[in-house]
Structure formats: C-alpha cells, structure tokens
Amino acid sequence: MTKTPLQFRHNGREVALFVDGGTNLIVVLREMLGDVTPKFGCGQGGCGACTVLIDGEAHLSCLTLAETVEGRAVETLDGIKTGPNLHPLQQAFAEGFAAQCGYCTPGMLMAAKALLDRIPQPSREQVVEAISGNICRCTGYEPIINAVLAAAASRRASA
C-alpha cells in the first residue's frame, strides 16, 4: 500500500507525516501524534466522543479520512487550554460537575467550543442542538448544558 504525504496544523503546530490511504483522522491523532484527547467510542459516528474541530467546525474524527485535513487546522481538547490555564469551558465543566466518567467530555467540550466560537451567547436550545451528536451515559445532560451556558456567561462578564 502506498503512503500519502499529509501536512496540517494540529493545535497550532504544523505536522507532516505519511498515512495509508483510508486512514481515519482519529488514528492519526491518537496513534501517530500521541494526542489521546479525542476518544475512540463507537467508530461509527454515533457517539461523538471523537469530536474535533477542523477549521473551527465540529467533525467526527472516526469518520473523517485523514487525507481530507491536508492544509487545514485540526484542534483537539489538548489544544484549547493556554499553558496550565483551563479554557472557560473546561473550568465550567469542572465547577459544574459536568463530567462524571469523563469519556464523552472531550467530544462535548469540542462541540460546545465550536458553538461558542460561532454564537458567543447561545440559548439553551442552541446548546442542546450543538451537543446533540454527543452521547453521555452518566450525567443526564443537565450539568453539561448548564456548564456551557455558564461558560458563555463568564465570557460575557469578562468581556
């Protein structure tokens, strides 16, 4: 099998590597780059645990062919904090007990970040819609929704 050269920006850092044709982005991120923040859940696009941002839009990395990110920017949970400082969403999730087992949390945070980057002050309905592709079996969603709304409110207060 021939290898395909691939260059893209991963959490603000340029990367270049070779991938087998048909390789999914989650494999590149986890196995080739060592970024294990996107979680491998169902592998079929049904759970959202592998959600990443590609050029600012939420995508399921288990369904995204690695070759399609050529020249693009891929952001994972590992890239949203600034040094030791948590992103406001991460802080709100911690303060609001929005993560229990934590498996869905990276995907939830990335879906929520895509929303807040697009709509800084979303309605509850917009938050529900934004995270609707992410399954959580622990929290019942209320703490997650409240955390996203709290993060939006804290961003408004600090602006």
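Scope of this entry: the structure provided in the associated data block. Bear in mind that the values here come from a model prediction, so they are computed numbers and not experimental data.

Interhelical geometry of helix H3 (residues 105–118) versus helix H5 (residues 142–158) gives an angle of 40 degrees and a closest axis separation of 11 Å. Classed by the angle they form, the pair H3 and H5 counts as oblique. At the point where H3 passes H5, the crossing takes the right-handed sense. Between H3 and H5, the residues in contact are Met108, Ala112, Leu116 and Asp117 and Ile144, Val148, Ala151, Ala152 and Arg155, respectively. Here the residues of the contact of H3 with H5 sort into 7 nonpolar, no polar and 2 charged.

This next bit is on the layout of surface pockets. In this structure, the largest pocket encloses a volume near 160 Å³. In this structure, the largest pocket is lined by Gly56, Glu57, Ala58, Ala111, Ala114, Leu115, Asp117, Arg118, Gln126, Glu129 and Ala130. Taken together, the elements giving at least two residues each to the lining of the largest pocket come down to strand S4 (57–60), H3 and helix H4 (124–130). Among the elements that take part in the lining of the largest pocket, H3 stands out by supplying 5 residues, more than any other. Of the residues assigned to the lining of the largest pocket, the class counts are 5 nonpolar, 2 polar and 4 charged.

Right, let's talk about the packing of helix H2 (residues 88–95) against H5 for a bit. Running from amino to carboxyl end, H2 crosses H5 at an angle of 130 degrees, the nearest separation of the two axes being 8 Å. Comparing the axis directions of H2 and H5 gives the class oblique. H2 and H5 meet at a crossing whose hand is right-handed. Judged by residue contacts, Pro88, Leu89, Ala92 and Phe93 of H2 engage Ile144, Ala147, Val148, Ala150, Ala151, Ser154 and Arg155 from H5. Among the residues forming the contact of H2 with H5, the class breakdown is 9 nonpolar, 1 polar and 1 charged.

The rules behind the values
- Residues numbered from 1 in each chain as written.
- Predicted model: local features only at pLDDT ≥ 70, side-chain atom pairs only at ≥ 80, totals over all residues.
- Heavy atoms only, no water.
- Axes fitted to C-alpha atoms, helices over the stretch in contact; angles between N-to-C directions.
- Helix = DSSP H or I, 4+ residues; strand = E, 2+ residues; numbered from the N terminus.
- Parallel < 35°, antiparallel > 145°, perpendicular 65-115°, else oblique.
- Left-handed = near helix turned anticlockwise from the far one by under 90°.
- Contact = heavy atoms within 4.5 Å.
- Nonpolar A, V, L, I, M, F, W, Y, C, P; charged D, E, K, R; others polar.
- 1 Å grid on protein atoms, 1.4 Å probe; cavity = no way out; pocket = protein on both sides within 12 Å on 5 of 7 lines; lining within 4 Å.
- Points joined across faces, edges and corners; volume = space filled by probe spheres on them.

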